[in-house]
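Architecture and fold: a report
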Amino acid sequence: MARNLGGAIIDLLESERVALRAAAATVLAAVGKGDKAVESALTDRLADDDGEVRRIALEGLADMGAGGIAAKLVPLLHGDDEVLAERAAQVLAQQGAAAEGTLRKEIASGSVAARRVMAQLLLRRGTQPAIDAVLDQLSDGEFGEQALQLVRAELDQGNEKLGNQVEKSAVERASEANRELGKAWTRAQKAAADAEKLAAKDAKKAKTKKGAKPTNGANGHHAVAADPLRDPEVAKGMAELGALLRLIGYLARPATQSLLLKYADPEEPRPIRLAAIAGLRRIVAASEARGTERVIEALIEFADGEDLAVAQSAVDTLRGARIPEALAKTFAGLAKSKNSAAQKLAMERMPAGGGASAVKALVEALGGDDPTSRDAAARGLSKAPESVLPVTRALLATKDEQAARRYAGVLRSHRGNISNQAVEELVERVREYMDVHFKGKATADQIVLERVLAELIADVAPARHVELLFERAKRLRKQGKAVEAFGSLKPLLRSRADIDTAIDDEQRFFLAVLSLEAAGEGLIRTTRTDDPVFEQFSRLAAKGYPVAKQLAREKDVSDEALYALGFRLLESGDGSNEELGAELLQGIIDERPRSKLAKAAKNKLKLTGHSDD
């Protein structure tokens, strides 16, 4: 570029007119590559009042590959132009090592958004000074938490080298931060003690003057002792150490367990304890219980402690931990904790290792009055196959309908794994209730409990449920209550597949016969041919069961009912049903050839083409 022309264009960058500055920047960006004067002039325009001029200058510098401009790029990160800020961040990333020093310096100030970008760039640099610059921000009340999350996000990328660097630096920093926090804490406590002494002195003086009020000192504030946790230096130290402990825990390295456990000690301030316990969360979750005995034992103790915040944090950490077998009983003891969260956790998890005592505690809780404990106990028992028999016996022992339904719900969750013994005990109790019921001595509560047990048996042991239903029906029929007997079996006509499969041929025939007895001649004549009553006879006939022969032996089935059944089957339009209907009518003819029904049967068979006459 000619020297005079180039100088003239550069001079235009100082013009008061935005259009001239933009035009000059565009020309210089296009033709000034390699010219240091042009690069310097465009770099100055990064601070131009006009956003478009700044953008042109930035793009020109990026195309030129200009270096050493990091200090001028950082202010763009703080601006309101998000697009320009994002582009500036990209150019900064291209600056490499040349920008690192500037970023380390600038990250401590400015907007949170800009600091986030700088932290990301430094972490990607991956040098120890860059990482330390980000870790220096952990104590910052405005940006510290975000800095921690950014470090975590980089660690999640699986960068092992970064993990090692962060661990080494964080552990060293935690030790130093703890020392500084100790000093600040001592100073704050001394200040609090001094304030308390002054307050006491004021109060004593006030008592010596009748009617005088305490002066509270010159500024009137030292009557109340200061809380050391509110001291700015203490708060800053707490924030830094707490963030470091959480970061150390996030690395999930078993070697740091003892360090974190030390800071979880009850003698430590609560914020530090909470951070240390939270830091242990990923470690105990990933360790599969190997080498975590001391940690788990301490967490169990914390979960049952007086400090509810610490107890909750310990519960949250135990939730994802593998409980060593040696501590199963200790953990089960939380079921009786005064802290409901610890109690709930133990109830949900302790059947896996708590043994019979754990199951017993859960059964008691499930039958108790506390809804939270009941819900937790139900979840815990539902995961423990060994709880089936204890829960069954608790169900049989209770007189409360709601408790019975809760126990039944747990047993349903073990459907397919209910022991024969448990089923037998349930069935026997239903039979006992049936006996009382048939004697007319059953109370309303007993009737409800019988229904709860019967519904449970239907779900977990369909064959035994069918057996009980037919026992009841036979007893009712024997008492001359055919309608009631059929009513007790009627649900089977539209039952679930597993229950229907459990009905054998003799039971199905008995059900079909009861339907005839209950329905009577008139009802049968108006029943549709696709009625489930007809279906029972059809299914039996299709299997080769001697339906007609067996019906002929039933003294309680009248000829009129047989005729009506045969008549409707003949009209069904189904070949197999028609054959059965013809067989039934022929049976009437054979047994009572001179009766009116026999004559009607002959006519019906002749009309339907089932007679040879």
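So, how was this worked out
Along every chain, residues carry numbers that run from 1 in the direction the sequence is written. Selection of residues for local features in this predicted model requires a pLDDT of at least 70, selection of side-chain atom pairs for listing and counting requires 80 or more, and totals for whole chains, interfaces and linings are taken over all residues. Note that water and hydrogens are dropped before the side-chain values are worked out from all heavy atoms of the structure. Strands are runs of DSSP state E lasting at least two residues, helices are runs of H or I lasting at least four, and both sets are numbered from the N terminus onward. Radius of gyration: C-alpha atoms only; globule rule: 2.2 Å multiplied by the number of residues to the exponent 0.38. Residue exposure (1.4 Å probe, protein chains only): buried if accessible area is under 20% of the type maximum, exposed if over 50%, otherwise partly exposed. Should any heavy atoms of two residues lie within 4.5 Å, those residues are counted as being in contact. Method for areas: the Shrake-Rupley scheme with a 1.4 Å probe, in which residue coverage is limited to the protein chains shown. For this count, His and the chain ends are skipped, Lys and Arg are scored as positive, and Asp and Glu as negative. For this purpose, a charge sits on NZ of Lys, CZ of Arg, CG of Asp or CD of Glu. Lines fitted to the C-alpha atoms define the axes, with helices restricted to the stretch that makes contact. Angles between their N-to-C directions range from 0 to 180 degrees. Oblique is the label for any angle not covered by the other classes, which are roughly parallel (under 35 degrees), roughly antiparallel (over 145) and roughly perpendicular (65 to 115). We call a crossing left-handed when the near helix sits turned anticlockwise from the far one by less than a right angle, and right-handed when that turn is clockwise. Residues are grouped as follows: Ala, Val, Leu, Ile, Met, Phe, Trp, Tyr, Cys and Pro are nonpolar; Asp, Glu, Lys and Arg are charged; every other residue, Gly included, is polar.

**Observations regarding the overall build of the protein**
Scanning the protein for helices and strands turns up 33 helices and zero strands. In summary, the protein has a C-alpha radius of gyration of 44 Å against a globular reference of 25 Å for 613 residues, an excess of more than 25%. Burial statistics for the protein: of 613 residues in total, 46% are counted as buried. Sequence-distant contacts, at least 24 apart, represent 65% of the contacts inside the protein between residues at least 6 apart. Roughly 31500 Å² of accessible area belongs to the protein as shown, and the carbon and sulfur atoms make up 49% of that amount. Distance between charge centroids for the protein: 4 Å, based on 91 positive and 92 negative side chains.

**Comments concerning the environment of Gly 368**
Among the structural elements, Gly 368 can be located in the loop between α19 (355-366) and α20 (371-382). Along the chain, Gly 368 and Gly 96 lie 272 residues apart, while their C-alpha atoms are 66 Å from each other. Setting aside anything within four residues of it in sequence, one finds Gly 368 in contact with Arg 374 and Arg 406.

**Topic: unusual backbone geometry**
At Ala 252, a position not held by glycine, the phi torsion is positive, near 55°. Its location among the elements puts Ala 252 in the loop between α12 (232-250) and α13 (257-263). On the basis of relative accessibility, which here comes to 26%, the residue Ala 252 falls in the partly exposed class.

**Structural notes on the packing of helix α15 (residues 293-303) against helix α16 (residues 308-319)**
In helix packing, the relevant descriptors are the interaxial angle and the interaxial distance, both defined with respect to the helix axes. At a minimum axis separation of 7 Å, α15 and α16 run at an interaxial angle of 140°. For the element pair α15 / α16, the angle class is oblique. In the packing of α15 onto α16, the handedness of the crossing is left-handed. For the pair α15 and α16, contact is made by Ile 296, Leu 299, Ile 300, Phe 302 and Ala 303 and by Val 310, Ala 311, Ala 314, Val 315, Thr 317 and Leu 318, respectively. Taken together, the residues of the contact of α15 with α16 break down into ten nonpolar, one polar and no charged.

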